Amino acid sequence: MVLSDTEIRAALDDNRLKIDPYPGERIGPSSVDLLLHPSLRILPSPDEVRGVSIDPREVQVANLISQQPEHRLDRDGPCKMRHGQVIIGKTLETIALPVDLAGRIEGKSSLARLGLAVHITAPTIQAGFRGSLVLEMYNAGPWTLELTEGMQIAQVIFEQMGSRPSQGYQGQFQDQR
């Protein structure tokens, strides 16, 4: 069952669900709008890595991403995201889900209509997760898009679990910032 704005506010007020900073006016009827953190990692273009092959089973993805150039929106200004480009970002907010709530991060329709996908194929937020939400952004549209610090970039939808899982999320991305 998807949580309504009333249920989201109650979970936040009870400290069962945590979103920092508190989203206030960004709580919609069935989701919470999330803001773009100023730190972005720019992945290379296909021309820059022509002939390079990566076996995902043998590479530490987090290490590979951390080696990519950083663009700081608060220092460098807006990031111009070209057609076909992939940028790794994250939400300004950190969240903490209780063990009986899961979530999904989804795009904003206004940005999707310009061709911006914010999670490619990884929308699931496991019950019990804590941390920032990482965005695997892809510009499928024909325009260069300007990403700016604090823009409303995505939305999160919370879902009540049908039954309590045996344990909450314990994976490698717990407490990511």
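Here the structure is shown first, and the text comes after it.
A short tour of the structure in this document, coming up.

The rules we used
Residues numbered from 1 in each chain as written. Predicted model: local features only at pLDDT ≥ 70, side-chain atom pairs only at ≥ 80, totals over all residues. Heavy atoms only, no water. Salt bridge = Lys/Arg side-chain N within 4 Å of Asp/Glu carboxyl O. Buried < 20%, exposed > 50% of the residue type's maximum accessible area, 1.4 Å probe, protein only. Pairing = 2+ DSSP bridges. Helix = DSSP H or I, 4+ residues; strand = E, 2+ residues; numbered from the N terminus. Contact = heavy atoms within 4.5 Å. Arc of directions from axis to C-beta.

Let us now look at the pattern of salt bridges. Counted according to the given criterion, the structure contains 12 salt bridges. Arg75 is the partner of Asp76 in a salt bridge, and the nearest nitrogen-oxygen pair spans 2.9 Å. Here Asp76 falls in the partly exposed class, since its relative accessible area comes to 37%. When salt bridges that share partners are traced, they join Glu70, Arg72 and Asp74 into one network.

This paragraph deals with the sheet that holds strand β7 (residues 101-107). Taken together, the four strands give an open sheet; going across it, the order is β2-β12-β7-β9, and neighbouring strands pair in antiparallel fashion. Edge positions in the sheet fall to β2 (32-35) and β9 (124-125), since each has one partner strand and no second. Taken together, the seven bridges between β7 and strand β12 (residues 152-160) define a ladder with antiparallel strand orientation. Residue pairing across strands places Glu106 opposite Gln155, the latter belonging to β12.

Structurally, His119 can be placed in the loop between β8 (116-117) and β9. The exposure class of His119 is buried, given its relative accessible area of 13%. Linking His119 and Leu43, residues 76 residues apart in sequence, is a C-alpha distance of 15 Å. Apart from the residues lying within four places of it in its own chain, the contact partners of His119 are Ile105, Glu106 and Glu136.

To continue, consider the environment of Thr94. Among the structural elements, Thr94 can be located in strand β6 (residues 86-96). The spatial distance from the C-alpha of Thr94 to the C-alpha of Leu133 is 7.1 Å, given a sequence separation of 39 residues.

Quick look at helix α1 (residues 5-13) now. The set of residues buried in α1 consists of Ile8, Ala11 and Leu12. For α1, the angular spread of the buried residues around the axis is 100 degrees, confining them to a single face. Those residues of α1 that are exposed and angled more than 90 degrees off the buried face are Thr6 and Asp13. Contacts from the buried residues of α1 go to β1 (18-20), β2 and β12.

Moving on: the side chain of Ser132. Inspection of the secondary structure assignment puts Ser132 in strand β10 (residues 130-139). Under the relative-accessibility criterion, Ser132 is labelled buried at 5%. Apart from the residues within four sequence positions on either side, Ser132 is in contact with Lys90, Thr91, Glu93, Thr94, Gln176 and Arg177.

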